[in-house]
Every structure is written in structure tokens, then in C-alpha cells.
Amino acid sequence: MARYRYLVELGAGMVAYGVVLMISIRLISHGAIENPVWKTVISLAPMLPALFVAVSVLRQLRRIDELQRKIQSEAFSLAFAGTALITFSYGFLENVGYPKLSMFAVWPLMSVLWIAGGVISHRRYR
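Summary of the structure given here. (Residues numbered from 1 in each chain as written. Predicted model: local features only at pLDDT ≥ 70, side-chain atom pairs only at ≥ 80, totals over all residues. Heavy atoms only, no water.)

1. Regarding the overall build of the protein
- Helix and strand counts for the protein come out as five helices and zero strands.
- A compact globule built from 126 residues would reach a C-alpha radius of gyration of about 14 Å, whereas the protein, at 18 Å, exceeds it by more than 25%.
- The contacts in the protein between residues at least 6 apart in sequence include a share of 71% that link residues at least 24 apart.
- Of the roughly 9,500 Å² that the protein leaves accessible, carbon and sulfur atoms contribute 72%.
- Side chains of the protein carry 13 positive and 6 negative charges; the gap between the two charge centres is 4 Å. (Helix = DSSP H or I, 4+ residues; strand = E, 2+ residues; numbered from the N terminus. Rg over C-alpha atoms; globule rule 2.2 N^0.38 Å. Contact = heavy atoms within 4.5 Å. Areas by Shrake-Rupley, 256 points an atom, 1.4 Å probe, with all protein chains shown as cover. Lys, Arg positive; Asp, Glu negative; His and termini not counted. Charge placed at Lys NZ, Arg CZ, Asp CG, Glu CD.)

Here is the structure:
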């Protein structure tokens, strides 16, 4: 039941994020908003459902058993350390002419490393 609840919360948050993101991009790219303050507010609007997604993940972490929490902790640790090492390394490479990367690249990197860490940790505790 708790897993179903989590999937519903996460899914609803992700759908809301996608909808708000599309609306905000459309409003800003079509010049519907002229006021710079409102442009900023509309640009950041997708972060409200993203916050809901983050809260649902935290709630799920509180619901799972100790072994699953340990697996997730190790996965998060790998994602945190790996993201730090990769982004800092690339930052140094930008100093020697590599192209600048958008901050939008960081979260997908961290997600991939979180998934990889989860797979590695899960295999370890089989």
C-alpha cells in the first residue's frame, strides 16, 4: 500500500511538473509575459511541483525498512560524490577551452549515478 501511495504521489508530482514546465516555457518563449518580475516567477513555477516530488521521495525514504534505507543511503552517497567529482573535473576542463555546460546537465548526471548506486548496493545485499 505504501509503495502504491508513493508511486501515485511521485507520478502526480511529475505530471504536474511537466504541465507547469510546458506552460511556463510557452508563456516565456512566445513573449506573453513582458514584466521581468513575472518572467522570473513564471520561469521558476515548475519548481513548485518539483518540491512536491522531492517531498514524496523523502516521505518514501521514511517509510522503507532499514536495509532499503541503507541501500538508498549508499546510492545517494555515490551520486553525491560522483556528481561532485565529475562536475568539478569538467569545470577545470572548461578553463582550457572545453565548452561550458548548462546547470541542467547536473541533475540528470546525479540521477544516473543514483540509479547506478542503487543497482550496485542492491546487488551487494542480495
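2. Things to note about the packing of helix 4 (residues 66-94) against helix 5 (residues 106-124)
- For the pair helix 4 and helix 5, the least separation of the axes is 7 Å and the interaxial angle reads 140°. As judged from the angle between their axes, helix 4 and helix 5 are oblique. Considering only the axes of helix 4 and helix 5, their crossing is right-handed. For the pair formed by helix 4 and helix 5, the contact residues are Ile71, Gln72, Glu74, Ala75, Phe76, Leu78, Ala79, Gly82, Thr83, Ile86 and Thr87 on the first element and Val106, Leu109, Met110, Leu113, Trp114, Ala116, Gly117, Gly118, Ser121, His122 and Arg124 on the second.
- Per-class residue counts for the contact of helix 4 with helix 5 are 12 nonpolar, eight polar and two charged. (Axes fitted to C-alpha atoms, helices over the stretch in contact; angles between N-to-C directions. Parallel < 35°, antiparallel > 145°, perpendicular 65-115°, else oblique. Left-handed = near helix turned anticlockwise from the far one by under 90°. Nonpolar A, V, L, I, M, F, W, Y, C, P; charged D, E, K, R; others polar.)

3. Observations concerning the packing of helix 1 (residues 2-29) against helix 3 (residues 47-63)
- Put simply, helix 1 and helix 3 touch, their axes get as near as 8 Å, and they point 165° apart. With respect to their mutual orientation, helix 1 and helix 3 come out roughly antiparallel. As for the relative orientation of helix 1 and helix 3, their crossing is left-handed in sense. For the pair helix 1 and helix 3, contact is made by Ala2, Arg5, Tyr6, Glu9, Leu10, Gly13, Met14, Ala16, Tyr17 and Val20 and by Pro49, Ala50, Phe52, Val53, Ser56, Val57, Arg59, Gln60 and Arg63, respectively.

4. Focus: helix 3
- Compared with the 24 Å implied by 1.5 Å per residue over 17 residues, the 24 Å span of helix 3 between its first and last C-alpha is a close match.
- Along helix 3, the residues classified as buried are Pro49, Val53, Ser56, Val57, Gln60 and Leu61. On an axial view of helix 3, the arc spanned by its buried residues comes to 140°, and they lie on one face. Structural note: helix 3 exposes Leu48, Leu51 and Arg62 on the side pointing more than 90 degrees away from its buried face.
- Next to the buried residues of helix 3 lie helix 1, helix 4 and helix 5. (Expected span 1.5 Å × (residues − 1). Buried < 20%, exposed > 50% of the residue type's maximum accessible area, 1.4 Å probe, protein only. Arc of directions from axis to C-beta.)

5. Topic: a nonpolar patch on the surface
- Residues Val15, Val19, Met22 and Ile23 make up a contiguous nonpolar surface patch of roughly 390 Å² in combined accessible area.
- As for its placement among the helices and strands, Val15 is situated in helix 1. (Patch = residues over 30% accessible without salt bridge, like charges linked within 9 Å, V, L, I, M, F, W, Y side chains within 5 Å. Salt bridge = Lys/Arg side-chain N within 4 Å of Asp/Glu carboxyl O.)

6. Regarding the packing of aromatic side chains
- In this structure the tally under the stated criterion is two aromatic pairs.
- Here the aromatic rings of Tyr90 and Tyr98 are separated by 6.1 Å at their centres, their planes lie at 85°, and the arrangement is edge-to-face. (Phe/Tyr/Trp six-rings, centres within 6.5 Å; stacked < 30°, edge-to-face > 60°.)

7. Some thoughts on the environment of Met103
- Counting through the fold element by element, Met103 comes out in the loop between helix 4 and helix 5.
- In the structure, Met103 is positioned 16 residues away from Thr87 in sequence and 9.8 Å away in space, judged by C-alpha atoms.

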